[in-house]
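This is what each chain is made of:
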Amino acid sequence: MTDAGTTAMEVGRDFIRDIIQADLSAKRHGTVVTRFPPEPNGYLHIGHAKSICLNFGVAQEFGGRCHLRFDDTNPTKEEQEYIDAIERDVRWLGFDWGATFIMLPTISSDCMSGPSI
């Protein structure tokens, strides 16, 4: 690795953590709160795992919290089986959440459908 590469690695691990650290240092925010909002209409895939590790990991690194919040944009395909599997997968990756928020169909689903004519 070159000296320039070593210097870049020492300055910050990545732009997300650099921004968070700058905001916390400048007192723009007092704590880190992130969320992982899966839609419980299927099993998780590798992209979800990446998002889980980023959102829960960043919150953990900075002493914050990450909420697991289930979105309901397609309520007819959602099942408790998927909710249970998602919670199990998050725990398997080594994370837990401070609170679980399940959005009611009248909130996010109604927003997606648009106005009635």
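Residues numbered from 1 in each chain as written. Predicted model: local features only at pLDDT ≥ 70, side-chain atom pairs only at ≥ 80, totals over all residues. Heavy atoms only, no water.

### Things to note about the pairing of strand E2 (residues 65-70)
So, step 1. Of the strand pairs in this sheet, strand E1 (residues 33-36) and E2 are connected by four bridges, and their pairing is parallel. Bridge pairing links valine 33 to arginine 65 in E2.
So, step 2. The handedness of the E1 to E2 crossover, carried by helix H3 (residues 46-61), is right-handed. (Pairing = 2+ DSSP bridges. Helix = DSSP H or I, 4+ residues; strand = E, 2+ residues; numbered from the N terminus. Right-handed = clockwise from strand over helix to strand, strands pointing away.)

### Regarding the nonpolar core
So, step 1. Listed in full, the 12 residues of the largest apolar core are Phe36, Ile52, Phe56, Ala59, Cys66, Leu68, Phe70, Ile83, Ile86, Val90, Phe95 and Trp97.
So, step 2. Of all the secondary structure elements, the ones that give two or more residues to this core are H3, E2 and helix H4 (80-92).
So, step 3. In this structure tryptophan 97 touches Phe56, Cys66, Leu68, Glu87, Val90 and Arg91, once residues within four positions along its chain are discounted.
So, step 4. Grouped together as the second largest cluster of nonpolar side chains are five residues, Ile20, Val32, Val58 and Phe62 included. (Core = buried A, V, L, I, M, F, W, Y, C linked by side-chain atoms within 4.5 Å. Buried < 20%, exposed > 50% of the residue type's maximum accessible area, 1.4 Å probe, protein only. Contact = heavy atoms within 4.5 Å.)

### Brief notes about unusual backbone geometry
So, step 1. Phi angles above zero are rare outside glycine, and lysine 27 is one such case at about 65°.
So, step 2. Its location among the elements puts lysine 27 in the loop between helix H2 (15-25) and E1.
So, step 3. A residue is classified by how much of its surface remains accessible, and lysine 27, at 71% relative accessible area, is exposed.

### Points about the environment of glutamine 21
So, step 1. Turning to its location among the elements, glutamine 21 is positioned in helix H2.
So, step 2. On the basis of relative accessible area, glutamine 21 is assigned to the partly exposed category, the value being 40%.
So, step 3. The spatial distance from the C-alpha of glutamine 21 to the C-alpha of valine 32 is 9.9 Å, given a sequence separation of 11 residues.

### Overview of the confidence of the model for the chain
Fine structural detail should not be taken from predicted coordinates in areas where pLDDT scores are low.
So, step 1. A residue-level look at the chain finds 74% of positions with pLDDT of 70 or above and a mean pLDDT of 81.
So, step 2. Confidence over residues 5-9 falls short of pLDDT 50; this stretch has two contacts with residues more than four positions distant or in other chains. (pLDDT = per-residue confidence, 0-100.)

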